[in-house]
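Chains, contacts and geometry: an overview
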Amino acid sequence: MQNQTNFSLSTILVTPMEPSGVPDQRICITRRVRRVTAPSFSNQVQISEVTPPVEPLQLTSNRSLSLSTPMLVPIRSNRELTFEEACSDPNFTVAPLHAGFIPRNAWGNQPIAFGLLVATFFRKRNSMHCKFPFKLYNSLRLTLTCPAFFKYIGTRWITETVFIVDKIIFAKLLGVRSIDGSFFHQQGNFPSHGFEELQFIQAQKIAREQGIGDFDPTNIRFLRHASGRFNINSTEADIFQLKWTKA
């Protein structure tokens, strides 16, 4: 009986792996193997085995040997992550300094997992470095640099002074349960920090000008700061000046 030969994965893969564990190109097997354990990929990447047709190899003894060349092709899911999945995925990261987060001296140079950012900053009780204006400003910076984050953040600038808030998404980000009371009540975070909500007719006009179209006014709110100090070009010093006041 012939000895069964096992080949290590490093002798089979010819495409280098990315740090995330997912290759950018197809992974090809360079020779026929008898037993191979498929690599485990992160981010729910599945592996399918495809056997392309290969012309038989003609031998000198008039015998033909048909070679099969398996090919591993990563299949990426097109389904978007839910908020909970994004929070639990360690590879779903944010670079705070690159996004322009404040206070700048509170953030390191390395990316941070989105779930850790939510737990240690956005859902942390208001304090010196976690005040509501900081949370709002940083959320807007994140969607300004990466608009795709809106589905997880819920805030976005639409003009230099006006921003929109999806109160359901933003409340989930901050861990708020009493949404209207915490955000829009007379003593809520927005009015007590000098923010004012636009009337529906005015909001509708801006929405049409900015190509937003129809929106649900019960969930989507258009806001701006009454003094104009909080805007898309605000500096860290400007945001530090925003104080909680009795509305």
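Residues numbered from 1 in each chain as written. Predicted model: local features only at pLDDT ≥ 70, side-chain atom pairs only at ≥ 80, totals over all residues. Heavy atoms only, no water.

- As annotated in an unreviewed UniProt entry, the chain is Initiator binding domain-containing protein from Tritrichomonas foetus.

1. Considerations on unusual backbone geometry
- Cis peptide bonds are those with omega within 30 degrees of zero, and the linkage from I102 to P103 qualifies with -10 degrees.
- The topology assignment puts P103 in the loop between α2 (96-99) and β7 (112-113). (Helix = DSSP H or I, 4+ residues; strand = E, 2+ residues; numbered from the N terminus.)

2. Brief notes about helix α6 (residues 167-174)
- Within α6, 6 of the 8 residues are buried, which leaves the element mostly enclosed by the surrounding structure.
- All of the buried residues in α6 are K167, I169, F170, A171, L173 and L174.
- Its side-chain oxygen placed 3.2 Å from the backbone nitrogen of I168, D166 serves as the N-cap of α6.
- Positive phi appears at G175, one or two residues downstream of α6, with a value of about 70 degrees. (Buried < 20%, exposed > 50% of the residue type's maximum accessible area, 1.4 Å probe, protein only. Polar contact = N/O pair within 3.5 Å; in protein donor to acceptor, adjacent residues only side chain to side chain.)

3. A closer look at the side chain of H225
- Tracing the backbone shows H225 in strand β11 (residues 220-225).
- Residue classification places H225 among the buried positions, given a relative accessible area of 9%.
- Of note is the side chain of H225, whose polar atom sits 2.7 Å from the side chain of S227.
- If we ignore the near neighbours within four places in the chain, the residues touching H225 are H193, G194, F195, F230 and L242. (Contact = heavy atoms within 4.5 Å.)

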